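Read off the chains here:
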Amino acid sequence: MAVATSNPVDLLQGLVDRLQDVPGVEGCVVARRDGLVIAHNLPAHADAKRMSAMAAVIVNASLNATLELERGVYQLTIVQSSVGKIVCAHAGMEAIFAAIVSEGANLGLILLRLESIARQVEEVLEYI
Amino acid sequence: MTLEVRDGEMEAGGVRVCLMDVAEGFLSLRRSVENALGDVTAILLYNAAFASYRGFAAGAIARGEAGRGEAGFRAAVRAYRESGFGGFAIAEIDLGTGHAAIECDEPVAFEAYGVLKRGDGELRAVCDYTRGALAGLFTEHRGGGEWLCIETECKAKGDARCAFEIGDARALTAKLLRG
């Protein structure tokens, strides 16, 4: 990946777009740890700015709870609703991501893909 | 801008306002949110101001009180200054390409003033509400689009002035990521 010479936002948009191929993923956003939107492919009804800010709050609160309650290393947060899930996690020290997942989707497969994307996001941000 | 004061309420330019101490009111509120939510507070303030000022500009344009384009944006920034938020001045503007540079020296931008007044040491720029307000005004007067406002200098962290850059959201996000 030619990270140093490319626009990092374009590289991260490419990673986010790859998730469109995963059955059950309705949209995804990558944001800075403070909630600034970096890239997304959210459905039209979702506001990327609000989604990023909420995901940052969810990840930060989950991280704090994990530390406070001495539950080891934080990995991810799954919000379960009546129509599906929202999966939030961090991608290295600099970024977080959130994916909207439809009910009945293969969560195991999706988590594997998200884990892989998170590593790549981390790599892009590390080398810019 | 005219200020109408009645018992229990106050209006400025047709909008109800109230007085809030910058350092002990606004900044205390910010610190409380920061204690609960951490760094995301900056984006929350930005988003809130963006929506508020974009809506304010849209209303003024719809009522025929303001025009779109550069003249409208200049008038909106002047109104923000006259409302007491700080001595903001447009240094560069090109609405066609989507770029503006705004500076604030004296009077100090209200958020930086609050930090300096309280003696809170800051390592980062703090004028997040103002960034959102400027981006909201710019977006509406530009007629939509994805624009971002970043603060490149801030008196709260020891710079000589507060300076803001508005431009394409994707390009400025890349600039922020590169540090």
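Because the structure is predicted, anything quoted here is derived from the model rather than measured. (Residues numbered from 1 in each chain as written. Chains lettered and ligands numbered in written order. Predicted model: local features only at pLDDT ≥ 70, side-chain atom pairs only at ≥ 80, totals over all residues.)

A. Representation of the interface of chain A and chain B within the structure. The interface of chain A with chain B comprises 16 residues on the first partner and 14 residues on the second. When residues of the side of chain A that touches chain B are traced back to their parent elements, those giving at least two are α1 (8-18) and α2 (48-68) of chain A. Among the elements that make up the side of chain A that touches chain B, the one with the highest residue count is α2(A) (six residues). Taken together, the residues that form the side of chain A that touches chain B break down as nine nonpolar, three polar and four charged. (Contact = placed C-beta atoms within 7 Å. Helix = DSSP H or I, 4+ residues; strand = E, 2+ residues; numbered from the N terminus. Nonpolar A, V, L, I, M, F, W, Y, C, P; charged D, E, K, R; others polar.)

B. Representation of unusual backbone geometry. A cis amide bond links B:E106 with the next residue in sequence, B:P107, at an omega value of -15 degrees. Locating B:P107 in the fold gives a position in the loop between β5 (99-104) and α4 (110-118). Even without glycine at this site, A:E70 takes up a positive phi of about 55 degrees. The exposure class assigned to A:E70 is exposed, which follows from the 6 C-beta atoms found within 10 Å. (Buried ≥ 20, exposed ≤ 12 C-beta atoms within 10 Å, placed from the backbone.)

C. Spatial organisation of the nonpolar core. Within the largest apolar cluster, 86 residues are counted, with the highest numbers of intra-cluster contacts made by A:V30, A:I96, A:F97 and A:V121. Top element by residues in this core is helix α2 (residues 41-62) of chain B. It accounts for 11 residues. Excluding its chain neighbours within four sequence positions, the residues that come into contact with A:V121 are A:L12, A:L15, A:V30, A:A91, A:G92, A:A95 and A:F97. (Core = buried A, V, L, I, M, F, W, Y, C linked by C-beta atoms within 7 Å.)

D. Broad picture of the sheet that holds strand β1 (residues 3-6) of chain B. Residues and elements named next belong to chain B. Read across the open sheet, the three strands follow the order β1-β2-β3; overall the sheet is antiparallel. Because the sheet does not close on itself, it has two edges, and the strands there are β1 and β3 (15-17). Each strand axis lies, on average, 30 degrees off the axis of its neighbour in the sheet, ignoring direction. Relative to β3, strand β2 (residues 9-12) runs antiparallel, the two sharing three bridges. Note on β3: the bridge partner recorded for A12 is V15. (Pairing = 2+ DSSP bridges. Axes fitted to C-alpha atoms, helices over the stretch in contact; angles between N-to-C directions.)

E. The arrangement of the environment of B:E146 in detail. In this fold, B:E146 is placed in the loop between α5 (128-142) and β6 (147-153). For B:E146, a count of 12 C-beta atoms within 10 Å corresponds to the exposed category.

F. How the structure looks around the sheet that holds strand β7 (residues 162-168) of chain B. Residues and elements named next belong to chain B. The antiparallel open sheet is built from four strands, whose spatial order is β4-β5-β7-β6. Edge strands, defined here as strands with exactly one partner in the open sheet, are β4 (88-94) and β6. Between one strand axis and the next, the sheet turns by 20 degrees as a mean value, whatever way the strands run. Bridging between β4 and β5 involves six bridges; their strand directions are antiparallel. Residue pairing in the sheet places E92 in a bridge with A101 of β5. Across the sheet, helix α3 (residues 69-85) is in contact with β4 and β5; its angle to β4 comes to roughly 165 degrees. In this fold helix α6 (residues 169-178) packs onto β6 and β7, with an angle of close to 130 degrees to the strand it touches most, β7.

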